[in-house]
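Chain residues, written in single-letter form:
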Amino acid sequence: MQNDFCAATGWVDHLGADFTPDRAPIAPLRRLLPPLRAAGVPVIWVNWGNRPDLANMPPNQIHLYKPTGTGIGLGDPLPGHGAKVLEKDSWAAAVVDELAPEPSDIRVDKYRISGFWDTPLDSILRNLGIRTVLFAGVNTDQCVLHSLTDANFLGYGCILVEDCCATTSPDFCTEATVWNVKKCFGFVTGSGAILEGLSGLAR
């Protein structure tokens, strides 16, 4: 849920795409995260955050996001405010203001579509004794899906929280993602069902 994907003047907005669909999870996440934290569920923000020198990014990834060698790609300053695209600690890579992480939350920087590739995420989850993971964020069919599939391959129980995910891709991408998660990789639910379950625990 980073500014580059979900905010005006972010990277997606600069590229001329409609970033507003990626904002859809903000409201349900604002309702869901506080009771999850209160119930002791760890909240982990797995956000794209490259090194300033891009030393952790291979040439194929740099080329992928700037295929002609021109325009604004990874690490390049955005027009107007100069925030560098998906660079760690830049405005561009920060979580949107409406979902500002709490001090107790855990942050993991990632450098590929999957949050498990070349990151400490798996170690953190295992050290916390986590066996089941709720997935939310953007984009449903890209970073969310491929983090979820890697979690499945590593043996975690995977639950896609459908209304807390979004994408700027065509609708069929979401439909295929939801179908494949249900069929092969885990389960799909909504934030309302989770809130109802948490309410039941509190009684």
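Bear in mind that the values here come from a model prediction, so they are computed numbers and not experimental data.

The rules behind each value
Residues numbered from 1 in each chain as written. Predicted model: local features only at pLDDT ≥ 70, side-chain atom pairs only at ≥ 80, totals over all residues. Heavy atoms only, no water. Pairing = 2+ DSSP bridges. Helix = DSSP H or I, 4+ residues; strand = E, 2+ residues; numbered from the N terminus. Axes fitted to C-alpha atoms, helices over the stretch in contact; angles between N-to-C directions. Contact = heavy atoms within 4.5 Å. 1 Å grid on protein atoms, 1.4 Å probe; cavity = no way out; pocket = protein on both sides within 12 Å on 5 of 7 lines; lining within 4 Å. Points joined across faces, edges and corners; volume = space filled by probe spheres on them. Nonpolar A, V, L, I, M, F, W, Y, C, P; charged D, E, K, R; others polar. Core = buried A, V, L, I, M, F, W, Y, C linked by side-chain atoms within 4.5 Å. Buried < 20%, exposed > 50% of the residue type's maximum accessible area, 1.4 Å probe, protein only. Parallel < 35°, antiparallel > 145°, perpendicular 65-115°, else oblique. Salt bridge = Lys/Arg side-chain N within 4 Å of Asp/Glu carboxyl O. Disulfide = S-S within 2.5 Å.

Draft legend 1. Examining the sheet that holds strand E5 (residues 187-189) more closely. The parallel open sheet is built from 3 strands, whose spatial order is E3-E4-E5. Strands with a single pairing partner mark the edges of an open sheet, and in this sheet they are strand E3 (132-138) and E5. Taking the axes of each pair of neighbouring strands and ignoring which way they run, one obtains an average angle of 30° across the sheet. The sheet contacts of helix H6 (residues 140-153) involve E3 and strand E4 (157-166), and relative to E3 the element is tilted by about 165°.

Draft legend 2. Representation of the layout of surface pockets within the structure. A volume near 810 Å³ is recorded for the largest pocket. As for the largest pocket, its lining consists of 31 residues, of which Ile 44, Val 133, Leu 134, Phe 135 and Ala 136 are closest to the centre. If you list the elements that add at least two residues to the lining of the largest pocket, you get helix H3 (26-38), strand E1 (44-48), helix H5 (121-127), E3 and H6. At 7 residues, the largest contribution of residues to the lining of the largest pocket is made by E3. Per-class residue counts for the lining of the largest pocket are 25 nonpolar, 5 polar and 1 charged. The space that makes up the second largest pocket amounts to roughly 350 Å³. Considering the residues around the second largest pocket, the lining is formed by 19 residues, among which Phe 5, Trp 11, Val 12, Leu 15 and Tyr 65 are closest to the centre. Residue composition of the lining of the second largest pocket, by class: 13 nonpolar, 5 polar and 1 charged.

Draft legend 3. Structural view of the nonpolar core. Counting 33 residues, the largest nonpolar core has Met 1, Trp 11, Trp 45, Leu 74, Val 85, Leu 86 and Leu 99 as its most contacted members. Of all the elements in the fold, those that place two or more residues in this core are helix H1 (3-6), helix H2 (11-14), H3, E1, E4 and helix H8 (191-202). The dominant element in this core, judged by the number of residues it contributes, is H3, at 5 residues. Counting 17 residues, the second-largest nonpolar core is a separate cluster that includes Val 133, Phe 135, Ala 151 and Tyr 156.

Draft legend 4. The arrangement of the packing of H6 against helix H7 (residues 171-185) in detail. At a closest axis distance of 10 Å, the pairing of H6 and H7 adopts a crossing angle of 10°. Classified by the angle their axes make, H6 and H7 are roughly parallel. Taken together, the residues of H7 that come into contact with H6 (itself represented by Thr 140, Asp 141, Leu 145, Leu 148, Thr 149, Asn 152 and Phe 153) are Cys 173, Thr 174, Thr 177, Val 181, Cys 184 and Phe 185. Here the residues of the contact of H6 with H7 sort into 7 nonpolar, 5 polar and 1 charged.

Draft legend 5. Region of the structure containing the pattern of salt bridges. This structure, assessed with the given rule, holds 6 salt bridges. Where Arg 37 meets Asp 105, a salt bridge forms, and the shortest distance between an N and an O atom there is 2.7 Å. One end of the pair, Arg 37, is in helix H3; the other, Asp 105, is in the loop between helix H4 (59-64) and strand E2 (106-110), with 68 residues separating them in the sequence. Accessibility expressed as a relative area gives 22% for Arg 37, which makes it partly exposed. A relative accessible area of 10% means that Asp 105 is categorised as buried.

Draft legend 6. Structural view of the state of the cysteines. Scanning the entire structure with this criterion turns up 0 disulfides. Cys 6 supplies the cysteine sulfur nearest to Cys 143, a cysteine that is in no disulfide, at a spacing of 11 Å. Given the relative accessible area of 12%, Cys 143 is considered buried. Cys 164 carries a free sulfur, and the closest cysteine sulfur to it, the one in Cys 165, is 6.9 Å from it.

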